Amino acid sequence: MMLPTPLGMKALGFYGLCWFAFTATPYTNLFFFLILFQSLLLILGLGLPHGYLRGVEVRFPSSIKGRKGEPLTFEIAWKAPDKARAVDLWGMGLQPTSTQKKKKKKQRLASLGRGGERRMTTKVSLPTQERGVFHLTSLRLRTSYPLGLFRAQKTISDTLEYWILPNPIPQSMRMVSQNSLERGEEEPEQLLSDRGREMAGIREFRPGDDPTRVYWKKSAQRGVLVVREGIEPTAHKPELFILDETQEKEAFERQLEALAYWGQKQEREHRGLTLRCLSGDLRFGTRGKCWEEFDRFLAHAQPAPNPVTESTPQGNSHG
């Protein structure tokens, strides 16, 4: 497929103007040679880009994953003949960020300067995006080399899927400052739970305590942070994370950040993690699903629709 570039549109307009001047004036020798020269340029501009694009192929990674709030980077492999020149890869359907208009856009993903027999790799970088599963559709290879008058393009049938995972809850959110507690400032909600221990009692939170042991229900009732006092975990007792899918979107995303941190910790220590959610208990790691499936869950997870409140049955009124 051939399309004129902005420069090519101007060149075509000037070419038409020359033909008009050639037919409108009695002295046409200069216009005749000028039109011949321009016609040669147009023929070359139409024929050369298609030849430079022929045989160019792109191969994508089997799995592309990034983190929320961080640029997504990955590598693609090119297979191109020696004659390939100035080939760009464009992707349509890039998800806009929260600061942009809610309209999917296109972006140049990578460029190949020249081809060769060996396989070449190019790094692709996408802007920061929200958590979720996204697809780049209508992937196209384009080149307007060498004259820039017409652009040859070839559509790639593949759809590029990538996952944006929640960013594991940072260290600053896992530590609680005693000074801020004394000032009554609101601390980031901690959603990791100490389910692997048997609880022996509770006490007030002190600096240096493990924030994963915060007992949020009792903390809300008492108005101060309290932690679980627990005995040593039972041997081989699996860690349990309870995901509340009835929370609002912002609170739900914070839960997923905590879950991502907990999953990283368990994977690093070669231990298992049990996730309790509305669909039942899911086990990852040891004697469970692989951690790739854990990442899939983090990318696809969505809060549950607002539950329907049960109304009290209306009975017969008694006078």
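Residues numbered from 1 in each chain as written. Predicted model: local features only at pLDDT ≥ 70, side-chain atom pairs only at ≥ 80, totals over all residues. Heavy atoms only, no water.

(A) Representation of the pairing of strand E6 (residues 132-143) within the structure. Pairing analysis gives four bridges linking strand E4 (residues 72-94) to E6, with the strands arranged antiparallel. Residue Leu89 lies in a different strand from E6, and its bridge partner there is Leu141. Across five bridges, the pairing between E6 and strand E8 (residues 160-165) is antiparallel. In the strand pairing of E8, Phe134 is matched with Tyr162. Relative to strand E7 (residues 150-156), E6 is paired through five bridges, and the arrangement is antiparallel. Opposite Thr143, over in E7, you have Ala152 as the bridge partner. With antiparallel pairing between neighbouring strands as the criterion, E6 and E7 make up a hairpin whose turn holds six residues, including Gly148 at a positive phi of roughly 75°. (Pairing = 2+ DSSP bridges. Helix = DSSP H or I, 4+ residues; strand = E, 2+ residues; numbered from the N terminus.)

(B) Region of the structure containing the side chain of Glu253. Structurally, Glu253 is set in helix H6 (residues 249-268). The class for Glu253 is buried, based on a relative accessible area of 8%. Excluding anything up to four places from it in sequence, Glu253 contacts Lys68 and Arg131. (Buried < 20%, exposed > 50% of the residue type's maximum accessible area, 1.4 Å probe, protein only. Contact = heavy atoms within 4.5 Å.)

(C) Up close: the sheet that holds strand E11 (residues 239-242). With respect to topology, three strands assemble into an open sheet ordered E11-E12-E13, the strand pairing being mixed. The two strands at the open ends of the sheet, each matched to only one other strand, are E11 and strand E13 (280-284). With direction set aside, neighbouring strand axes in the sheet form an average angle of 25°. Pairing between strand E12 (residues 273-277) and E13: five bridges, direction antiparallel. Its bridge partner lying in E13, Leu275 is registered against Leu282. (Axes fitted to C-alpha atoms, helices over the stretch in contact; angles between N-to-C directions.)

(D) Structural context of unusual backbone geometry. At the junction of Tyr145 and Pro146, the peptide bond is cis and its omega measures out at 5° in the coordinates. Although it is not a glycine, His270 adopts a positive phi angle of roughly 55°. Relative to the assigned elements, His270 resides in the loop between H6 and E12. Given the relative accessible area of 71%, His270 is considered exposed. Phi is positive for Arg287, close to 55°, though the residue is something other than glycine. By relative accessible area, Arg287 is classed as exposed at 71%.

(E) Molecular detail of helix H7 (residues 291-300). If you check which residues of H7 are buried, you get Trp291, Phe294, Asp295, Phe297, Leu298 and Ala299. For H7, the secondary structure elements touched by its buried residues are strand E3 (65-67), E6, E8, H6, E12 and E13.

(F) Region of interest: the packing of H6 against H7. At a minimum axis separation of 11 Å, H6 and H7 run at an interaxial angle of 175°. By the angle between their directions, the pair H6 and H7 is classed as roughly antiparallel. Contacts from Leu256, Leu259, Ala260, Gly263, Gln266 and Glu267 in H6 reach Trp291, Phe294, Phe297 and Leu298 in H7. Residue classes in the contact of H6 with H7 are distributed as seven nonpolar, two polar and one charged. (Parallel < 35°, antiparallel > 145°, perpendicular 65-115°, else oblique. Nonpolar A, V, L, I, M, F, W, Y, C, P; charged D, E, K, R; others polar.)

(G) Inspection of the packing of aromatic side chains at higher detail. This structure, assessed with the given rule, holds seven aromatic pairs. Seen from their ring centres, Phe32 and Phe33 are 5.7 Å apart, and the 70° between their planes marks the pair as edge-to-face. Residue classification places Phe32 among the partly exposed positions, given a relative accessible area of 38%. Where Phe134 meets Tyr162, the ring centres are 5.7 Å apart and the plane angle is 35°; that geometry is what we call tilted. Of this pair, Phe134 sits in strand E6 while Tyr162 sits in strand E8, and the two are 28 residues apart along the sequence. Each member of the pair, Phe134 as well as Tyr162, carries the same accessibility label: buried. An aromatic cluster is present here, built from Phe284, Trp291 and Phe294 joined pairwise through their rings. For Arg142, the ring lying beneath its charged end belongs to Trp90, and the centroid distance is 5.2 Å. The ring centre of Trp262 lies 5.0 Å from the NZ or CZ of Lys265, which sits over that ring. (Phe/Tyr/Trp six-rings, centres within 6.5 Å; stacked < 30°, edge-to-face > 60°. Lys NZ or Arg CZ within 6 Å of the ring centre and 35° of its normal.)

Read these as layout, nothing more, since geometry by itself doesn't imply function.
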